[in-house]
Amino acid sequence: MASGVLYIVATPIGHLDDFSPRAQRILQQVDLIAAEDTRHSSRLLSHFGITTPMVSYHEHNESQRTEQLLAKLQQGQSIALISDAGTPLISDPGFVVVRNARKAGFQVSPIPGPSAIMSALSVAGLPTDRFWFEGFLPAKASQRKQRINELAQLQATWVVYESTHRIIDCLEDMQQVLQNETQVVVARELTKRFETVLSGSASELLERLQDEPIQQKGEFVVLVEGKVESAHTENEIPADVLHILQTLQTELPVKQAASLTAKISGLKKNLLYKVALSNKGS
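To keep things clear, this report deals only with the structure shown in the data block. (Residues numbered from 1 in each chain as written. Predicted model: local features only at pLDDT ≥ 70, side-chain atom pairs only at ≥ 80, totals over all residues. Heavy atoms only, no water.)

So, the pairing of strand 8 (residues 184–188)
Here is the rule we go by: Each residue gets one of three labels from its accessible area relative to the maximum for its type: buried under 20%, exposed over 50%, partly exposed in between, using a 1.4 Å probe on protein chains only. Secondary structure elements follow DSSP: runs of H or I no shorter than four residues count as helices, runs of E no shorter than two count as strands, and numbering proceeds from the N terminus. At least two bridges found by DSSP between two strands are what make those strands a pair.
When you tally the buried positions in strand 8, you get five out of five residues, the bulk of the element. Of the two faces of strand 8, the one lined by V184, V186 and R188 and the one lined by V185 and A187 are each fully buried. Where strand 8 lies against strand 9 (residues 196–200), five bridges are found, and the strand directions are antiparallel. Counterpart to V186 in the pairing with strand 9 is L198. In terms of strand pairing, strand 8 meets strand 10 (residues 220–224) through five bridges, oriented antiparallel. Residue pairing in the sheet places R188 in a bridge with F220 of strand 10.

Take a look at the structure:
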């Protein structure tokens, strides 16, 4: 008897029209669907008229369920793995069965589709040539701040998931740890009715969410600009640019003076802000 195939099937993160015809067909054709939450997934499958039997597969039964699923693959049955939303294994269960299925020589085939990470990256307006996906930050504030500080050293856009219960705490910690000029993007309820994508500094976004409590509800992807290595050091700033900065500082707050000088000179706003602060203190 030929071995079955394990399909890793992406499901909608919100908008049902994003459920690909191929994904629907595979879920109709397999012998069994392993779902993170069968009650949640039953509503999606029912909407599309998919009646394939389901079993639960989540973080609390991964080891036991993996053995059962491998036995069914050995019998020639094909299985589809789905999570509550998006692409399985991305901060969701599935690693154990995929690793063991591959080790055992079974075919593991991806059925690509929606992904909250990719969706957020595509609209954030941050560099995407390199990025780091962190998943969820630690729940404890001290550990969360420490990890944010470590991530802030990356020279790449970094991405985290956050919940409605912790989004304010997350932004408060980012406000304390990140540089003022670091760009942050908060993508909320992607592909759903109340989708919003907000960008600014951590301080600006924190103020926005506190002023608009509705923006604190839903599922969040938070993206942060990577550390920018300036091509200039403070000693390399041309004298005429320093003169502009110092002149503007006599009339404007430090942040505005640095921002305007950056627009005039083409130099990095972060660097000019540091220099302006040192001028102010001297």
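After that view, the rundown keeps rolling.
Concerning helix 6 (residues 141–151)
The line we're drawing: To obtain the arc, one takes the directions from the helix axis to the C-beta atoms.
Inspection of helix 6 places R144, I148 and L151 among the buried residues, and these make up the whole buried set. The buried side chains of helix 6 occupy one side of the element, clustering within an arc of 65 degrees when seen end-on. When the buried face of helix 6 is taken as reference, the exposed residues oriented beyond 90 degrees from it are S142 and Q146.

Some points on the pattern of salt bridges
Here is the rule: Salt bridges are defined as contacts in which a side-chain nitrogen from Lys or Arg sits within 4 Å of a carboxyl oxygen from Asp or Glu.
By the definition in use, this model includes nine salt bridges. One salt-bridge network, held together by shared partners, links E134, R147 and E150.

Points about unusual backbone geometry
Although it is not a glycine, L89 adopts a positive phi angle of roughly 80 degrees. Within the element layout of this structure, L89 appears in the loop between strand 4 (79–82) and helix 4 (95–103). Taking relative accessible area as the criterion, L89 reaches 29% and is therefore assigned partly exposed. Of note in this structure, S91 is not a glycine but carries a positive phi near 60 degrees. Looking at the secondary structure, you find S91 in the loop between strand 4 and helix 4.

Examining the sheet that holds strand 1 (residues 5–9)
Neighbouring strands of a sheet are bound in pairs by backbone hydrogen bonds; such pairs are parallel or else antiparallel. Using the following cut-off: Helix axes use the C-alpha atoms of the stretch in contact, all axes being lines fitted to C-alpha atoms, and the angles between their N-to-C directions lie in the range 0 to 180 degrees. Whether two residues touch is decided by their heavy atoms; if any such pair falls within 4.5 Å, the residues are in contact.
In space, the five strands of this open sheet follow the order 3-2-4-1-5, with parallel pairing throughout. One side of each edge strand has no neighbouring strand; the edge strands of this open sheet are strand 3 (54–56) and strand 5 (107–111). The sheet shows a mean angle of 25 degrees between the axes of neighbouring strands, direction not considered. Examined bridge by bridge, strand 2 (residues 32–35) and strand 4 share four bridges and lie parallel to one another. Residue pairing in the sheet places I33 in a bridge with A80 of strand 4. The strands touched by helix 2 (residues 38–47) within the sheet are strand 2, strand 3 and strand 4, with strand 3 carrying the most contacts at an inclination of about 150 degrees. The sheet contacts of helix 4 involve strand 1, strand 4 and strand 5, and relative to strand 1 the element is tilted by about 150 degrees.

Thoughts on the side chain of S56
Note the threshold: Polar contacts, as counted here, are pairs of nitrogen or oxygen atoms within 3.5 Å of one another; within protein the pair requires one atom able to donate a hydrogen and one able to accept it, and residues that are adjacent in sequence qualify only if both atoms are side-chain atoms.
Inspection of the secondary structure puts S56 in strand 3. Here the side chain of S56 touches N61 through a polar contact of 3.2 Å, side chain to side chain. Discounting chain neighbours no more than four positions away, the residues touching S56 are A35, T38, N61 and R65.

Some remarks on the sheet that holds strand 8
Taken in spatial order, the five strands make up an open sheet running 6-7-10-8-9, and their pairing is mixed. The sheet terminates laterally at strand 6 (131–136) and strand 9, the two strands that pair on one side only. Strand after strand, the sheet turns through a mean of 15 degrees between neighbouring axes, direction not considered. Strands strand 6 and strand 7 (157–162) of the sheet are contacted by helix 6, whose axis makes an angle of about 170 degrees with strand 6.

Some words on the nonpolar core
Quick note on the threshold: What is meant by a nonpolar core is a set of buried Ala, Val, Leu, Ile, Met, Phe, Trp, Tyr and Cys residues, joined one to another through side-chain atoms within 4.5 Å.
Within the largest apolar cluster, 22 residues are counted, with the highest numbers of intra-cluster contacts made by W158, I167, L171, M174, L178, V184 and V222. Looking at this core, the elements with two or more residues in it are helix 6, strand 7, helix 7 (167–177), strand 8, helix 8 (202–211) and strand 10. Looking at this core, the element that brings in the most residues is helix 7, giving five residues. When sequence neighbours within four positions are dropped, the list of residues in contact with I167 reads E162, L209, Q216, F220 and V222.

These results come straight from atomic positions and should not be treated as a statement about function.
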